[in-house]
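An overview of the molecular structure
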Amino acid sequence: HGQNFSYDGDQGPLHWGEEYHSCIGKYQSPINIEEHNVKNVSLSPLRLIGIDNPYQSYVTNTGHTVMLKTNESKAATLSGGPLQDNYVFEQLHFHWGENDYEGSEDLVNNHSFPMEMHAVFYKEDYKSFNEALNHSDGLAILAYLYEVSPQPNPAYEPIVRVLRDIEVMGKRKALQEPLLLESLFVPDIAKMQDYFTYFGSLTTPPCLEVARWIDFKDRQQLSHEQLAAFRDLQTPEGDKLTHNFRPVQPLEDRVVFHNIP
Ligand code: B30
Ligand code: ZN
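If you're wondering where the values come from, they're calculated on a predicted model, not measured in any experiment. (Residues numbered from 1 in each chain as written. Chains lettered and ligands numbered in written order. Predicted model: local features only at pLDDT ≥ 70, side-chain atom pairs only at ≥ 80, totals over all residues. Heavy atoms only, no water.)

Things to note about the pairing of strand S3 (residues 46-49)
Residues Leu46 and Leu48 point to one face of S3 and are all buried, whereas Arg47 and Ile49, pointing to the other face, are not buried. Here S3 pairs with strand S7 (residues 77-80) via four bridges, running antiparallel. Looking across to S7, one finds that Ile49 is bridged to Thr77. (Buried < 20%, exposed > 50% of the residue type's maximum accessible area, 1.4 Å probe, protein only. Helix = DSSP H or I, 4+ residues; strand = E, 2+ residues; numbered from the N terminus. Pairing = 2+ DSSP bridges.)

In structure tokens, the structure reads:
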């Protein structure tokens with residue numbers, strides 16, 4: 001980690017393309033999803049296997065996000081829907097804003113949400129995450145959007161509770177209990193088939209155009225206090241990482257599909 005990019009100023013999103021040429025590509029993420037402009041389709045069921053087993057997990061402050069990994073190399077696999085093959089879980093992480101009115105990367109009808117979670121999977125055939133980055137079908141990323149709720153969401157407490165121990169960049173901390181990925185992913189398995197999908201990029205440098213994005217329509221909930229805990233994490237410079245979302249990028253000639261369950 002500790003790459004030389006940030007979310008403000010000289011190293012901010014407007015300058016990423018100077019060092020990372022893919023960041024000025026035609027198929028960048030995030031985007032604004034306009035619901036009146038999607039193509040409705042009915043794809044085969046999206047399948048998430050293995051998320052009902054508890055795995056020992058840890059979180060890391062990368063300096064640009066908080067990233068969760070499991071000690072298990074194949075904690076979960078994703079297939080079906082728009083995907084041609086099996087994809088293996090690599091990591092999940094979050095994007096947020098400095099207040100509860102912004103923070104998501106993808107927008108829906110120009111509406112921002114206070115947080116977005118990305119669960120990153122790589123194509124099994126490519127054997128490793130890094131090898132998958134060399135292929136346009138290398139990654140599948142599940143995107144979850146959050147709303148503010150009056151009550152804390154208990155499923156996220158194991159993560160929120162350890163944030164204070166990883167405020168400094170590079171710090172890493174194991175979760176106290178083995179984690180059920182299911183508790184973060186799918187509050188409602190039926191609603192999992194209602195999603196938008198489009199082709200795009202990593203939302204941070206190197207902005208590689210290698211990702212099949214799957215954005216669930218169902219919203220999850222976090223309290224104001226849970227959201228605020230993320231804003232105390234520190235950047236590589238030791239400032240507060242108050243926000244870490246990239247502005248939306250042009251759709252160009254891409255089509256956003258909406259899967260009708
Ligand atoms: S995202 O889901 O589009 N926001 C990477 C993965 C997913 C997204 C963005 C970037 C990625 O793998 N970046 C390069 C490798 N990173 C891993 C990481 O997630 O955090 C390693 C690193 O620093 O050196 Cu940062
Ligand atoms: Zn992300």
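Things to note about the nonpolar core
Leu48, Leu92, Phe94, Phe121, Leu181 and Phe185 are the most contacted members of the largest nonpolar core, which totals 46 residues. Looking at which element gives the most residues to this core, the answer is strand S8 (residues 87-96), with five residues. Excluding residues that lie within four positions of it along the chain, Leu181 makes contacts with Ile51, Leu68, Thr70, Ala75, Ala76, Phe89 and Leu92. Core analysis: the next-biggest nonpolar cluster, separate from the first, contains 20 residues, Ile31, Tyr122, Tyr126 and Tyr198 among them. (Core = buried A, V, L, I, M, F, W, Y, C linked by side-chain atoms within 4.5 Å. Contact = heavy atoms within 4.5 Å.)

Digging into the state of the cysteines
Under the counting rule described, the total for this entry stands at one disulfide. Here Cys23 engages in a disulfide with Cys207; their sulfurs sit 2.0 Å apart. On the sign convention where negative means left-handed, the S-S torsion of about 80° between Cys23 and Cys207 marks this disulfide as right-handed. Of the two residues, Cys23 sits in the loop between helix H1 (16-19) and strand S1 (32-33) while Cys207 sits in the loop between strand S14 (195-200) and strand S15 (211-223), which places them 184 residues apart along the sequence. Each member of the pair, Cys23 together with Cys207, is buried. (Disulfide = S-S within 2.5 Å.)

Some remarks on unusual backbone geometry
The peptide bond linking Ser29 to Pro30 adopts the cis configuration, its omega dihedral lying at 0°. Its location among the elements puts Pro30 in the loop between H1 and S1. Pro205 connects to Pro206 through a cis peptide bond whose omega is 10°. Inspection of the secondary structure assignment puts Pro206 in the loop between S14 and S15.

Comments concerning the side chain of Gln226
Within the secondary structure, Gln226 sits in helix H5 (residues 224-230). Owing to a relative accessible area of 2%, Gln226 belongs among the buried residues under this scheme. Non-local contacts of Gln226, meaning those with residues more than four positions away in its chain, are made with Pro152, Asn153, Tyr156, Glu157 and Val160.

Section: the coordination of the copper atom of ligand 1
As a benchmark, a tetrahedral metal site with four donors has ideal angles of 109.5 degrees, while an octahedral site with six donors has ideal angles of 90 or 180 degrees. In this structure the copper atom of ligand 1 is ligated by exactly one protein donor, His64 (NE2), at 2.5 Å. Following the sequence through the fold, His64 ends up in the loop between strand S5 (57-61) and strand S6 (66-70). (Donors = N, O, S within 2.8 Å, 3.2 Å for Na, K, Ca; no water.)

A short note on the environment of Gln176
Within the element layout of this structure, Gln176 appears in the loop between strand S12 (172-174) and strand S13 (179-180). The exposed category is assigned to Gln176, whose relative accessible area is 64%. The spatial distance from the C-alpha of Gln176 to the C-alpha of Tyr20 is 38 Å, given a sequence separation of 156 residues.

Overview of the packing of aromatic side chains
Taken as a whole, this structure holds 13 aromatic pairs when the rule is applied. Ring geometry for Tyr27 against Phe199: centres 6.3 Å apart, planes inclined by 70°, an arrangement best described as edge-to-face. Here Tyr27 is found in the loop between H1 and S1, whereas its partner Phe199 is found in strand S14, with 172 residues between them in sequence. For Tyr27, a relative accessible area of 24% corresponds to the partly exposed category. A residue is classified by how much of its surface remains accessible, and Phe199, at 24% relative accessible area, is partly exposed. Taking 5.3 Å as the distance between ring centres and 50° as the angle between the ring planes, the aromatic pair formed by Trp96 and Phe230 counts as tilted. Of this pair, Trp96 sits in strand S8 while Phe230 sits in helix H5, and the two are 134 residues apart along the sequence. (Phe/Tyr/Trp six-rings, centres within 6.5 Å; stacked < 30°, edge-to-face > 60°.)

Some points on the pairing of S6
The buried fraction of S6 amounts to four of the five residues, a majority that puts the element mostly inside the structure. Pairing geometry for S5 and S6, over five bridges, is antiparallel. Directly across from Asn61, in S6, lies its bridge partner Val66. Between S5 and the antiparallel strand that follows it, S6, lie four residues; Gly63 among them carries a positive phi value of about 95°. Alignment of S6 against S8, held across two bridges, turns out to be antiparallel. Following the sheet pairing, Met67 is matched in S8 by His93.

Considering the pattern of salt bridges
Counting across every chain of the model gives eight salt bridges. Two residues, Lys217 and Glu35, come together in a salt bridge whose shortest N-O distance is 2.8 Å. Here Lys217 is found in strand S15, whereas its partner Glu35 is found in the loop between S1 and strand S2 (39-41), with 182 residues between them in sequence. Exposure remark for Lys217: the relative accessible area of 25% places this residue in the partly exposed category. (Salt bridge = Lys/Arg side-chain N within 4 Å of Asp/Glu carboxyl O.)

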